[in-house]
Amino acid sequence: MTKSNGFVTFIYGPMYAGKTDELIHQFNKRSALFAPEEIKVFKPMLDTRSKDIFSRSGKTLPAINVETSKEILNLIDEKTRVILIDEYQFMDKDLSMVIKELKQKQIDVFVVGLDKYFDSSPIESFKEIYELSTYKIVMTSICEKCGRTAQYSQKLIDGNTAPTNSDKIQVDKQDGHVEYLPVCERCYK
Ligand SMILES: [Zn+2]
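Residues numbered from 1 in each chain as written. Predicted model: local features only at pLDDT ≥ 70, side-chain atom pairs only at ≥ 80, totals over all residues.

**A word on helix 3 (residues 95-104)**
Considered for burial, the residues of helix 3 that qualify are L95, S96, V98, I99 and L102. One face of helix 3 carries all of its buried residues, which in axial projection span an arc of 155 degrees. For helix 3, the secondary structure elements touched by its buried residues are strand 1 (8-12), helix 2 (71-74), strand 6 (82-85), strand 7 (108-113) and helix 4 (126-132). Trailing helix 3 by a residue or two, Q106 shows a phi angle of about 65 degrees, which is positive. (Buried ≥ 20, exposed ≤ 12 C-beta atoms within 10 Å, placed from the backbone. Helix = DSSP H or I, 4+ residues; strand = E, 2+ residues; numbered from the N terminus. Arc of directions from axis to C-beta. Contact = placed C-beta atoms within 7 Å.)

Quick look at the structure:
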């Protein structure tokens, strides 16, 4: 029997949209069906908030931290059936090549992260992963200013809107000065 390629599910949206809760939900559903060695969770080392995955609602999931996306290929084996990758926007440019290879190995892949930076420019690898993905789960948040559906993440430094040349991959709350607000299209500026 020939097996088909794996499926890629792309879960994306702004900050505070519940993306990590969705990742944990997808993990839990599969944990009920697969043995622990068949499911692997990865996140980039660059995200220094913690080694594990924490959702803002307080759920946690242990993750393997990788410095490069190619490391993922060395950390899987013939038992691997499902892979979940959190904070893909912090991974390097090889990620889409890695996902293609995982697909060919009949592994189902979940890719989770932002669709755009705070200045609304697209994440470099977004388009490639979007095109590779079989399913898309688009997450939205609630605008902090007016309560409408929010698709943008506004970056604040000491409470003020960050300049557009500000660091794109600065993690929130890391130094106490930077925070992100989910905002709607109207309130985004
Ligand atoms: Zn708004």
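That covers the picture; the talk isn't over yet.
**Comments concerning the sheet that holds strand 5 (residues 64-66)**
Strand order in the open sheet made by the six strands is 5-2-6-7-1-8, with parallel pairing throughout. Two strands lie at the open edges of the sheet, namely strand 5 and strand 8 (135-138), each paired on one side alone. Between one strand axis and the next, the sheet turns through 20 degrees on average, direction left out of account. Judged from the four bridges that link them, strand 1 and strand 8 form a sheet pairing that is parallel. (Pairing = 2+ DSSP bridges. Axes fitted to C-alpha atoms, helices over the stretch in contact; angles between N-to-C directions.)

**Some remarks on the domain arrangement of the protein**
What the domain assignment lists for the protein is domain 1 (8-140) and domain 2 (149-183). Domain 1 and domain 2 are separated by 22 Å when their C-alpha centres are compared. Of the residues lining the interface, 14 residues belong to domain 1; the matching set on domain 2 comes to 15 residues. Tallied by class, residues from the side of domain 1 that touches domain 2 come to eight nonpolar, three polar and three charged. (Domains from an automatic or database assignment. Nonpolar A, V, L, I, M, F, W, Y, C, P; charged D, E, K, R; others polar.)

**Digging into unusual backbone geometry**
Not every positive phi belongs to a glycine, and Y16 is a case in point at roughly 60 degrees. Position of Y16 among the secondary structure elements: in the loop between strand 1 and helix 1 (19-31). Overall, the presence of 18 C-beta atoms within 10 Å leaves Y16 in the partly exposed class. A positive phi is found at D158, a non-glycine position, where the angle reads about 50 degrees. Within the secondary structure layout, D158 lies in the loop between strand 11 (152-157) and strand 12 (160-161).

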